[in-house]
There are 2 protein chains.
Amino acid sequence: MKAYLAGPDVFLPNAHENAAAKIAICAKYGIIGRPPLNEDIARILTLPEDQAWRAIYLKDIEMMEECGIIIANLTPFRGASADSGTLVELGWFLGRGKKVFGYSNTAAPFAARSAAHVAVIPDPIRGLAVEGFGLPDNLMIPGAVEYGGGLPVFLPPNGEDRAFDALDVFETCVAAAARSV
Amino acid sequence: MKAYLAGPDVFLPNAHENAAAKIAICAKYGIIGRPPLNEDIARILTLPEDQAWRAIYLKDIEMMEECGIIIANLTPFRGASADSGTLVELGWFLGRGKKVFGYSNTAAPFAARSAAHVAVIPDPIRGLAVEGFGLPDNLMIPGAVEYGGGLPVFLPPNGEDRAFDALDVFETCVAAAARSV
C-alpha cells in the first residue's frame, strides 16, 4: 500500500531528512510512504514561475493518483487551521474514495486556536462565527478523516503540543492506518 | 446545473441574506446555487457536540453529491490561506471529477500575505519556505481551480481588496463558470 505523505513538512528546512524519517516509519508498518518532494525541484525552480508551479502541481497529482491512502499532517500552519495545500489533497482523496488518515502535533482544540488567532489578527468583519465542537479543526477536516478512513485525527496523547516536526504522533497514526487497510 | 457555494460566508452574521444574494446572482446566469447553510441548524445545535458536527458534515457532503460544480469563495480566512473547510470541499470536487471554480476578494498575492502573517505570528520553526509563484494562494488551490475548471481564480480586477463579503468578484466568477459548463 502506497501512502501519500501530505503536510507542511515539505516546507521544512530539512525537508529531505524529515521525509526519509517518515518513509522509514512507514516501512516498519508495511507501508510505502510517498512524500510530495519534487526530486528535481532545483531544476523546476529554474523555470519561469508560471511553468514551475504547474510542474509541481501536476507531479503532486500524479503521485496522489499512485497512492491508495493519504496520511496527512494536519498540524496548524500559518493560521488557525492545517496547511492549505494539504487540505485540498485531503479532500481529493475523500472525493476519490481513497482512504484518509491524519494527525496533528498540536493538542489545543480549534476553538481555542481560533480565538487566539482573532485576538492577534482581528477578523475583517465582526461576528464571524465558527463553531468548534471540541474538534481539532474545522469540522470538514475531522469529518473527512473519520468518514474517509474510519479513525479519528490522531493528537498528542497527553494533551501537550509536540514540536512542529515531531514524528511520534505520525507513527501512532501510521500504525493504526496499517492495521485498518 | 447546481453549484455548491462553498466559502466562509456561512460564518457571516448575516449568512442567510448573503446566501440569498448569491443564489439570486447564480439564477441570473442559469445556475442553481446551493449554499451549505443547514436550514435546521437551530435544531442541530441543540444536539450534543459530537452528534451536531457529524450531522452538519453529512448534510454538507450530501449537498456536494447533488451539485455538479463548486464555486468557492477563496478569500483568506484566519490565516494566510482560504477557509479550511472550503479547501477540503474544493479538493473533494476535484477528486470527484466535478468542475471547480473559485474567486477571492483579496488582491494581495499569497507570498505577501504569508510574509505579513509570519511577521505578526512567527512560524514555530525558522526557515519554513513556501514559494509564492506570484499566485493568490498555495499552488494546490489555483491548481485545483485551473485544472479542475479551466479558469483562473477570479480576483478583484483593479488590484484593490474588496470587502470580505462583497459579491462583485463572485458574480464575475459565476458568469464565467456559466459560460464554460
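The structure contained in this document is the topic of the report that follows. (Residues numbered from 1 in each chain as written. Chains lettered and ligands numbered in written order. Predicted model: local features only at pLDDT ≥ 70, side-chain atom pairs only at ≥ 80, totals over all residues. Heavy atoms only, no water.)

**Considering the interface of chain A and chain B**
Basically, it comes down to this: Two residues form a contact once any of their heavy atoms are found within 4.5 Å. Defined here as a combined quantity, buried area equals the accessible surface (1.4 Å probe) lost by two parts on assembly, summed across both. Think of a salt bridge as a Lys or Arg side-chain nitrogen and an Asp or Glu carboxyl oxygen that are within 4 Å of each other. The numbering of helices and of strands both runs from the N terminus, where a helix is a DSSP run of H or I of at least 4 residues and a strand a run of E of at least 2. Under the grouping applied here, Gly and all other residues not named as nonpolar or charged are polar, the nonpolar ones being Ala, Val, Leu, Ile, Met, Phe, Trp, Tyr, Cys and Pro and the charged ones Asp, Glu, Lys and Arg.
Facing the 60 residues of chain A at the interface are 61 residues of chain B. The junction of chain A with chain B conceals about 5200 Å² of combined surface from both sides, 71% of it contributed by carbon and sulfur atoms. Looking at the side of chain A facing chain B, the largest losses of area belong to Trp53(A), Arg78(A) and Met140(A), adding up to 17% of the total buried there. The tally of links between chain A and chain B comes to four salt bridges. Here Arg54(A) and Glu146(B) are joined by a salt bridge, their closest N and O atoms 2.7 Å apart. Elements represented by at least two residues in the side of chain A that touches chain B include exactly helix H3 (49-66), helix H4 (84-96), helix H5 (110-120) and helix H6 (140-149) of chain A. No other element matches H4(A), which puts eleven residues into the side of chain A that touches chain B. Here the residues of the side of chain A that touches chain B sort into 35 nonpolar, twelve polar and 13 charged.

**Examining the state of the cysteines**
All names here are of chain A. Filter applied, for reference: Note on terminology: pairs of cysteine sulfur atoms within 2.5 Å are recorded as disulfides. Burial classes: relative accessible area under 20% of the type maximum marks a residue as buried, over 50% as exposed, and values in between as partly exposed (1.4 Å probe, protein chains only).
Counted according to the given criterion, the structure contains zero disulfides over all chains. The thiol sulfur of Cys 67 is not disulfide-bonded, and the nearest other cysteine sulfur, from Cys 26, lies at 10.0 Å. Look at Cys 67 and you get buried, because its relative accessible area is 1%.

**Side note on the packing of H4(A) against helix H6 (residues 140-149) of chain B**
We apply this condition: Comment: axis = line fitted to C-alpha atoms, over the contacting stretch for helices; angle = value between 0 and 180 degrees taken between N-to-C directions. Roughly parallel means an angle under 35 degrees; roughly antiparallel means over 145; roughly perpendicular covers 65 to 115; every other angle is labelled oblique.
At a closest axis distance of 8 Å, the pairing of H4(A) and H6(B) adopts a crossing angle of 40°. Here H4(A) lies oblique to H6(B), going by the angle between them. Each of Ser84(A), Gly85(A), Val88(A) and Glu89(A) in H4(A) lies in contact with H6(B), whose residues at this interface are Met140(B), Ile141(B) and Ala144(B). Here the residues of the contact of H4(A) with H6(B) are counted per class, giving four nonpolar, two polar and one charged.

**Digging into the pattern of salt bridges**
Scanning all chains against the criterion turns up 20 salt bridges over all chains. Across the pair Asp40(B) and Lys59(B) runs a salt bridge whose closest N-O atoms are separated by 2.8 Å. Placement of the pair is Asp40(B) in the loop between strand E2 (32-34) and helix H2 (41-44) and Lys59(B) in helix H3 (residues 49-66), with a sequence separation of 19 residues. Classification of Lys59(B) as partly exposed rests on a relative accessible area of 31%. Residues participating in the shared-partner salt-bridge network are Asp40(A), Arg43(A) and Lys59(A).

Interpretation note: all reported values are geometric properties and have no functional meaning in isolation.
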